[in-house]
Amino acid sequence: MIVLETKGLTKHYRVYQKQEGLWASLRGLMRREYRTIEAVRGIDLQVERGEFVAFLGPNGAGKTTTLKLLSGIITPTAGTARVLGHIPWKRENAYRRRFALVMGQKHQLWWDLPAADSFRLHQQIYGIERRQFEQTRDELTTILGVRHLLDRPVRELSLGERMKLELVAALLHRPEVLFLDEPTIGLDVVAQYSIQQFLKQYQQKYHTTILLTSHYMKDVAALCRRVIVIVAGQVVYDGSLSGIMHRFSRDKIVTVVLSDGRPAGELARFGEVVSTEWPRVKIRVPRPQVTEAIAGILHSHAVQDLSVEDPPLEEVIVEVFSHAELSPRQSSTGAGVAKGRENSP
Amino acid sequence: MGRAFRVILTCARNSLVRELMFRTNFIIVTAASLLWVCANIAFYLLVFQYTPSIGAGTGWGRSQFFVFFATGLIINSIVHSVFMPNADLFSERVRTGVLDFLLVKPLDCQVLVSFERLDLSTGGNLVVGVALLIFSLIELGWVPGVIPIALYVIYVVCGVAILYSLMFSLAATTVWLGRNQTLYDFWFYLTIFGRYPMEIYRGPLGLPLRIVFTFVIPVLIVVNVPARLLIRPLYPQTLPEWGLPLFALAATAGSLWCCRRIFQAAIESYRSASS
């Protein structure tokens, strides 16, 4: 069942083009020049109930703007969207009761008060029945290990603790759709892992549809089977995470553990030597030549061990971003969108 | 409606808890605002040492003026306690993008924005205002009946509503301006005209001001109407005198309507700050 659908979703902003210098600033008082920023350019999406989808893209790609459009915070310049049967920017209460938004860089809990007081306010705003409210609050705070922090002023908590409580606040009304905008930004690995595990468990239990933006590939790899890559306001890839590797990674990393004394430099003829920590040598080999390279290495060297793997995910993603940024117009009609849905659940 | 009221009560409770956490700050701000009120009262007492009334034959003697002053104090302390912190917060939220969270809540955004915070440190002024009002009425020997008191309360609410509308219309402009640091200054410049009885606005300079601040930006009727209703029964009444309360009701409705439209237009234009 499709819970979220967009067609040609577009958002343009007109911004003041500030010129450098005092004279230009004075001139700007009388006459200003504006330019249009195309934050989101014709995004077409369909998300099924219970999917956990990651939005990937460089800074300014339009990920957060898309989430803001879908949560009705801003209105689009063009295009349509329906989430749970509602048009988000109509801001109907019937819709706003069914989704939640968490932003890693903004907080909604009252800064000087304990989270328990903000939770009570949420209960009133969402009209949550008392027993359900207490049950949900206790369940979520126990899973996240923050139950003992409910009575401490939010300003005295660490970033990780605060983020966990922000998540609890957002989930108190049991939303069917959850928009997460970089929920683990700035957190240490322990807090990141804890939030990842929580989201995984929560999504499995309640089948919530979740859209996540994150720059941490570990979040994405741990949680999302479907990835949507947005660059310059357009979707350039929609499919599984492994599909990105197959589609965009042009190389493989061959790691060889040598057992003879022959110089590692000789391996350069099979590919680019990435690192040498004798006797371990890593070579980047173009995908089509991997078989040939392995045969050659085995023939010319005494090899104790050999393995072939994909390059690090971050590296591939950087490649996807830079490739898409170089040719952003290519997929303006949607024709250039790389589809990998066959690999997605 | 019931849910909105419960939310407002919870916000008030949270604000109270928050204020009491910073006890010293609360005491200092309360003392400072009381000092300001006392300085004002002392100033007007000094003025009335030199003149029996504000303008000859206007009816605004010392006690009458202090009824007017007390009414202004009551209205302004309500506005400053309830709406000023929220107007400030709204501007800040627009600038930082934290308004996003209020827009996704299943409650009228204007209700949340208007009542979320409560600054009780200016509440002391309200107590002083009520005390001064009672004292001045006693001094006048005037014991108002139920109807004048009811009308007074209604028109105090109207006055608060007019000032609220003006304040939030100004605050809403932050959405277009991006930054509105002069909100309080601008608010002060406009409302200062409503601090004195209408009768002072006479002649070629006063009359245009009286027209503008009665019919265009109706700050002049905010205090004048409830204060006059309470003390004017002592004096002969004319048709224009009764036209003013009727106009005040229309002005209140008009102000709230304008404020609502400006606020909604602002929210439609809201761009949300980058995260």
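Remember, it's a predicted structure, so these values are computed and weren't measured experimentally.

So, how was this worked out
Residues numbered from 1 in each chain as written. Chains lettered and ligands numbered in written order. Predicted model: local features only at pLDDT ≥ 70, side-chain atom pairs only at ≥ 80, totals over all residues. Heavy atoms only, no water. Helix = DSSP H or I, 4+ residues; strand = E, 2+ residues; numbered from the N terminus. Rg over C-alpha atoms; globule rule 2.2 N^0.38 Å. Buried < 20%, exposed > 50% of the residue type's maximum accessible area, 1.4 Å probe, protein only. Areas by Shrake-Rupley, 256 points an atom, 1.4 Å probe, with all protein chains shown as cover. Domains from an automatic or database assignment. 1 Å grid on protein atoms, 1.4 Å probe; cavity = no way out; pocket = protein on both sides within 12 Å on 5 of 7 lines; lining within 4 Å. Points joined across faces, edges and corners; volume = space filled by probe spheres on them. Salt bridge = Lys/Arg side-chain N within 4 Å of Asp/Glu carboxyl O. Patch = residues over 30% accessible without salt bridge, like charges linked within 9 Å, V, L, I, M, F, W, Y side chains within 5 Å. Contact = heavy atoms within 4.5 Å. Buried area = accessible area lost by both parts, 1.4 Å probe. Polar contact = N/O pair within 3.5 Å; in protein donor to acceptor, adjacent residues only side chain to side chain. Pairing = 2+ DSSP bridges. Axes fitted to C-alpha atoms, helices over the stretch in contact; angles between N-to-C directions. Parallel < 35°, antiparallel > 145°, perpendicular 65-115°, else oblique. Left-handed = near helix turned anticlockwise from the far one by under 90°. Nonpolar A, V, L, I, M, F, W, Y, C, P; charged D, E, K, R; others polar. Disulfide = S-S within 2.5 Å.

Chemist: Explain the overall build of chain B here, please?
Modeler: A count of helical and extended segments in chain B gives 12 helices and zero strands. In sequence order, the secondary structure elements of chain B are arranged as α-α-α-α-α-α-α-α-α-α-α-α. The C-alpha atoms of chain B give a radius of gyration of 20 Å, which matches the 19 Å a tight globule of 275 residues would have. With the C-alpha coordinates aligned to their principal axes, the bounding extent of chain B is approximately 60 × 40 × 35 Å. Here chain B holds 275 residues, and 49% of them are scored as buried. A total of about 13,100 Å² of accessible surface is found on chain B, and carbon and sulfur atoms cover 72% of it.

Chemist: What should I look at first to understand the domain arrangement of chain A in this one?
Modeler: Interface size, as often reported, equals the accessible area lost upon joining of the parts. One can read the domain layout of chain A as domain 1 (2-10 + 41-245) and domain 2 (262-309). Computed over C-alpha atoms, the centres of domain 1 of chain A and domain 2 of chain A are 44 Å apart.

Chemist: Sorry, what's going on with the layout of surface pockets here?
Modeler: Over the atoms, a rolling probe the size of a water molecule traces out where space has been left empty. Residue and element names in this part refer to chain B. Considering only enclosed or pocket space, the largest pocket measures out at about 950 Å³ in volume. Together, 39 residues line the largest pocket, and N76, H80, T122, N125 and Y184 are the ones closest to its centre. Mapped by element, the contributors of at least two residues to the lining of the largest pocket are α1 (2-21), α2 (23-50), α3 (62-96), α9 (183-191) and α11 (220-231).

Chemist: Explain unusual backbone geometry to me, please; I cannot follow it from the model alone.
Modeler: Glycine aside, residues mostly have negative phi angles, and peptide bonds mostly take the trans form. Residue and element names in this part refer to chain A. Phi angles above zero are rare outside glycine, and R91 is one such case at about 50 degrees. By the element assignment, R91 lies in the loop between β4 (78-83) and α3 (93-96). According to the relative accessible area criterion, R91 is buried, its value standing at 13%. Although it is not a glycine, E182 sits at a positive phi angle of roughly 45 degrees. Tracing the backbone through its elements, the reader meets E182 in the loop between β6 (177-181) and α7 (189-206). On the basis of relative accessibility, which here comes to 10%, the residue E182 falls in the buried class.

Chemist: What is the right way to look at the pattern of salt bridges in this model?
Modeler: Any two side chains of opposite charge can pair, given that their charged atoms come close. Across all of its chains, the model carries 27 salt bridges over all chains by this definition. A salt bridge links R91(A) to E268(B); the shortest N-O distance between them is 3.8 Å. Highlighted residues: R91(A) in the loop between β4 and α3 and E268(B) in helix α12 (residues 239-269), drawn from two different chains. By relative accessible area, E268(B) is classed as partly exposed at 44%. Several salt bridges share partner residues, and in doing so they unite D112(A), R155(A), E156(A) and R18(B) into one network.

Chemist: Would you mind showing me how to read a nonpolar patch on the surface here?
Modeler: Where nonpolar side chains cluster on the molecular surface, the patch consists of L22(A), W23(A), L26(A), L29(A) and M30(A) and spans about 690 Å² of accessible area. Structurally, L26(A) is set in helix α1 (residues 22-30).

Chemist: Honestly, the interface of chain A and chain B in this entry has me stumped. Any pointers?
Modeler: Contact with chain A, which involves 34 residues of that partner, is made by 33 residues of chain B. Here chain A packs against chain B, burying approximately 3,100 Å² in sum over the two surfaces, 58% of which is carbon and sulfur. Of all residues in chain A, the largest losses of buried area upon contact with chain B belong to K106(A), W110(A) and I125(A), amounting jointly to 22% of the total for that side. For the interface between chain A and chain B, the tally reads four salt bridges. The tally of links from chain A across to chain B stands at 14 residue pairs in polar contact (both at pLDDT 80 or more). Looking at the side of chain A that touches chain B, the elements that each hand over two or more residues are β1 (2-16), α2 (63-70), α3, β5 (99-103) and α4 (115-126) of chain A. Ranked by residue count, the leading element in the side of chain A that touches chain B is α4(A), at seven residues.

Chemist: Mind showing me how you'd approach the sheet that holds strand β13 (residues 303-309) of chain A here?
Modeler: Pairing between the strands of a sheet is mediated by backbone hydrogen bonds and can be parallel or antiparallel. Residue and element names in this part refer to chain A. The four strands lie next to each other as β11-β12-β10-β13, forming an open sheet whose pairing is antiparallel. The open sheet has two free edges, formed respectively by β11 (272-277) and β13, since each of these has just one partner strand. Pairs of neighbouring strands in the sheet enclose a mean axial angle of 20 degrees, with direction left out of account. Two elements, strand β10 (residues 251-258) and strand β12 (residues 280-286), share seven bridges in a ladder whose sense is antiparallel. Looking across to β12, one finds that I253 is bridged to R284.

Chemist: Help me understand the packing of helix α6 (residues 159-171) of chain A against α7(A), please; the structure alone is not making it clear to me.
Modeler: Two packed helices can be described by the angle between their axes and the distance between those axes. All names here are of chain A. In the contact formed by α6 and α7, the axes pass within 10 Å of each other and the chain directions differ by 15 degrees. As summarised for this structure, α6 and α7 are arranged roughly parallel, according to the angle between their axes. As α6 runs across α7, the sense of the crossing is right-handed. Between α6 and α7, the residues in contact are G160, M163, K164, L167 and L171 and A191, S194, I195, F198, L199 and Y202, respectively. For the contact of α6 with α7, the residue count by class is eight nonpolar, two polar and one charged.

Chemist: What is the right way to read the state of the cysteines from this model?
Modeler: Two cysteines, two sulfur atoms, one covalent bond between them: this is a disulfide. All names here are of chain B. The tally for this structure, following the rule as stated, stands at zero disulfides over all chains. Not engaged in a disulfide, the cysteine C109 finds its nearest cysteine sulfur in C259; these two sulfurs lie 12 Å apart. The class of C109 is buried, set by a relative accessible area of 9%. In this model C259 remains outside any disulfide bridge; the closest cysteine sulfur is found in C258, 8.7 Å from its own.

Chemist: How should the sheet that holds β1(A) be read in this particular structure?
Modeler: Residue and element names in this part refer to chain A. Spatial strand order, β2-β1-β4: three strands in an open sheet with antiparallel pairing. Only two strands of the sheet have a single neighbouring strand rather than two, namely β2 (34-48) and β4. Averaged over all adjacent pairs, the angle separating strand axes in this sheet is 25 degrees, with direction ignored. Examined bridge by bridge, β1 and β4 share five bridges and lie antiparallel to one another.

Chemist: Got a minute to help me understand the side chain of T75(A) in this structure?
Modeler: With respect to the helices and strands, the residue T75(A) is situated in the loop between α2 and β4. Given the relative accessible area of 16%, T75(A) is considered buried. Once residues within four sequence positions are removed from consideration, T75(A) is found in contact with K11(A), L69(A), W89(A) and E268(B).

Chemist: Just to check I follow, could you spell out the environment of G186(A) for this structure?
Modeler: All names here are of chain A. With respect to the helices, strands and loops of the structure, G186 is situated in the loop between β6 and α7. Here the alpha-carbon distance between G186 and A293, two residues 107 residues apart in the chain, equals 41 Å. Filtering out sequence-adjacent residues up to four positions away, G186 remains in contact with L159 and Y216.

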